[in-house]
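Coordinate analysis (summary)
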Amino acid sequence: RGMAGRSGRQGRLVPWSCWSEWSEVKHLLVDAHDSHSNARGLDLVSSWRARGRVPLSVEATAELVQIRNQMSSSSPSPSSSSSSVPAHVHRLTLSMALVRLVNGVSGAMQKGVYAKSVANLAESAGLPRILVDVRHEATHNTLPSLSVLVIAAEQALDWLEGNYWKPQQENLLSQHKLIRDVLGELLDLCLLGGGSSSSAKEEEASTKSARAELLKEIIKFVHQSQASLLAEHVYFLSLSKPFRNLEGRGWKTFLNKICKYWPSLAPLVLERCWSGLKQSLLGSNSSEEKDGVITTCDFVPWMLENRDLWCGKGGEQKPLEEQEREQKLLKVLYSIVLEGARLAKGKEEESEALLSLLRKCFGVLSSSSEKIGGDMNQSLKILEQLLNPDGQGVSASGPDIEFGPSITLGKRERREGEGDGGEEAIKDGEEEAKALRRWKKCK
């Protein structure tokens, strides 16, 4: 859907899953000029066609780019006789693409009782005159020459970029800025009333209506299916307004209000925090990046401690949606532990904070071991000794493993073929060996 919420204005159905996917196609088809990038963009547009109706401007751009690439790959000079595709075929395909564009633009503007001419409608839309002439010649007379069609196609692409792609991109950027500003105002109000003093409670009560209005503004611009957009903004807020544990109550109020309307937000925020942390660890080690590492290493453990943000209020019978969110978060934590164990090596300054974060993630995974698969459990048993070499902190039962030149897999391996339990013991030994190989890759 487009950027609309549940405040009376219904979002328009679009074939892309999110606006970042749309931005990627714009980059691949409009900004990039190499055939490899264009091919990736054309593949994405093909998937959009399978999902639903593709907007005219996107369809026309994809058709013209595809024809241009086909002409350049068939022969250095498409009009020569050595071309693998006859020049007449190129003239037909280009003419059809341009006719569809002009007809689509003029048809959308055709309103009123009396029909207007295509030339007048195209002029109102700002279409280059050559496109109208090409459309007329290709429809009623002979096909224009290939050189004229190529010039017309380039002007059509320029018009599409200036009248669709760039304005839409600017509109998205302005809306993103507006959403981030509104989120920032909402967070500031929540932080003002987040203290335990009597003045903070009075502030919380006095700003209740203002917070409700700001939340309505966010709902107006962000559909429920676009929680990933909010996750991006929440991550940057945690850096621009550095998270401190003393402000945890205000942050919890803020996230509770957001997660009420976007229940899948918390796992996405954790995933985005980890992505940003990886970029900082692999970056230039500037002071800003180090501050970002420290902030993220404080923010993520705090989110994990507040389980109701990502797995509901608890209870024996959880709704299916809550179970799915919890499963998604556990998968995110599992990838954090695996990748973090590798990144912690060689990062001496940040390793203490990073290892503390990994231990917290490991603790959540260990306490939810019955909800994750057997392969993940085996890997966690091995990683436990990496994260807790002294046996302190998290406790999880695991095989007898020694790290170093000689590695033993414990008593299960020695029980191979012993009586009725031989097959099960062999299977357990194979699972441990797989987990050990994964640990070696991580190391």
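Residues numbered from 1 in each chain as written. Predicted model: local features only at pLDDT ≥ 70, side-chain atom pairs only at ≥ 80, totals over all residues. Heavy atoms only, no water.

Our focus in this paragraph is the environment of valine 332. By the secondary structure assignment, valine 332 is in helix H15 (residues 320-343). Judged by relative accessible area, valine 332 falls into the buried class, the value being 6%. Ignoring any residue separated from it by four or fewer positions in sequence, one finds valine 332 in contact with Pro267, Leu270 and Glu271. (Helix = DSSP H or I, 4+ residues; strand = E, 2+ residues; numbered from the N terminus. Buried < 20%, exposed > 50% of the residue type's maximum accessible area, 1.4 Å probe, protein only. Contact = heavy atoms within 4.5 Å.)

It is worth spelling out the packing of helix H7 (residues 146-192) against helix H10 (residues 227-240) at this point. Any two packed helices are characterised by the angle at which their axes cross and by the distance between the axes. Close contact between H7 and H10 brings their axes to 10 Å; oriented N to C, the two are set at 55°. Taken together, the axes of H7 and H10 are oblique relative to one another. The two elements H7 and H10 cross, and the hand of that crossing is right-handed. In this structure, H7 uses His176, Ile179, Arg180, Leu183, Gly184 and Leu187 to contact H10, whose residues at the interface are Leu229, Leu230, His233, Phe236 and Leu237. Residue composition of the contact of H7 with H10, by class: seven nonpolar, three polar and one charged. (Axes fitted to C-alpha atoms, helices over the stretch in contact; angles between N-to-C directions. Parallel < 35°, antiparallel > 145°, perpendicular 65-115°, else oblique. Left-handed = near helix turned anticlockwise from the far one by under 90°. Nonpolar A, V, L, I, M, F, W, Y, C, P; charged D, E, K, R; others polar.)

Averaged over all residues, the pLDDT of the chain is 76; the fraction at 70 or higher stands at 71%. No element of the chain has a lower mean pLDDT than helix H18 (residues 411-414), at 35, and none a higher one than helix H2 (residues 35-51), at 94. Note on residues 1-9: pLDDT is under 50 here. Beyond four places in sequence and across chains, it has 40 contacts. Counted against residues more than four places away or in other chains, residues 391-422, with its pLDDT under 50, gives 42 contacts. (pLDDT = per-residue confidence, 0-100.)

Among all positions in helix H5 (residues 118-125), only Leu121, Ala122 and Ala125 are buried. Seen from one end, H5 has its buried residues packed into an arc of 100°, which puts them on one side. Across H5 from its buried face, at more than 90 degrees, point the exposed residues Glu123 and Ser124. In the core, the buried residues of H5 are packed alongside helix H4 (87-109), helix H6 (129-140) and H7. (Arc of directions from axis to C-beta.)

A word on the nonpolar core. Judged by nonpolar contacts, the single largest core of 59 residues is most densely connected at Ile218, Leu230, Trp251, Phe254, Ile258, Trp262 and Phe299. For this core, the secondary structure elements donating two or more residues are H7, helix H9 (208-221), H10, helix H11 (248-261), helix H12 (265-281), helix H13 (287-305), H15 and helix H16 (348-367). Among the elements that line this core, the one with the most residues is H12, at nine residues. Excluding its chain neighbours within four sequence positions, the residues that come into contact with phenylalanine 254 are Leu183, Leu186, Leu187, Cys190, Val234 and Leu237. In this structure, Leu42, Ala60, Ala122 and Ala125 belong to the second largest nonpolar core, which totals 41 residues. (Core = buried A, V, L, I, M, F, W, Y, C linked by side-chain atoms within 4.5 Å.)

Turning to the packing of aromatic side chains, a few remarks are in order. Under the defined criterion, the tally for this structure stands at 11 aromatic pairs. For the ring pair tyrosine 235 and phenylalanine 236, a centre distance of 5.3 Å and an interplane angle of 65° mean the geometry is edge-to-face. Phenylalanine 236 gets classed as partly exposed once you look at its relative accessible area, which sits at 31%. Taken together, the ring pairs connect Trp16, Trp19, Trp22, Trp48, Tyr164 and Trp165 into an aromatic cluster. (Phe/Tyr/Trp six-rings, centres within 6.5 Å; stacked < 30°, edge-to-face > 60°.)

Our focus in this paragraph is the pattern of salt bridges. In total, this model carries 13 salt bridges according to the counting rule given. One salt bridge in this structure joins arginine 51 and glutamate 21, with 3.0 Å as the shortest N-O distance. With arginine 51 in helix H2 and glutamate 21 in helix H1 (residues 19-31), the pair connects residues that are 30 residues apart, well separated along the chain. Residue arginine 51 is classed as partly exposed on the basis of its relative accessible area, which comes to 47%. Look at glutamate 21 and you get buried, because its relative accessible area is 12%. Of the charged contacts, one joins arginine 40 and glutamate 24 as a salt bridge, the two residues approaching to 3.7 Å between their closest N and O atoms. Of the two residues, arginine 40 is situated in helix H2 and glutamate 24 in helix H1; the sequence distance between them amounts to 16 residues. (Salt bridge = Lys/Arg side-chain N within 4 Å of Asp/Glu carboxyl O.)

What follows concerns the side chain of glutamate 63. Examined against the element boundaries, glutamate 63 turns out to sit in helix H3 (residues 56-74). When near neighbours in sequence (up to four residues on either side) are disregarded, glutamate 63 contacts Ala97 and Arg100.

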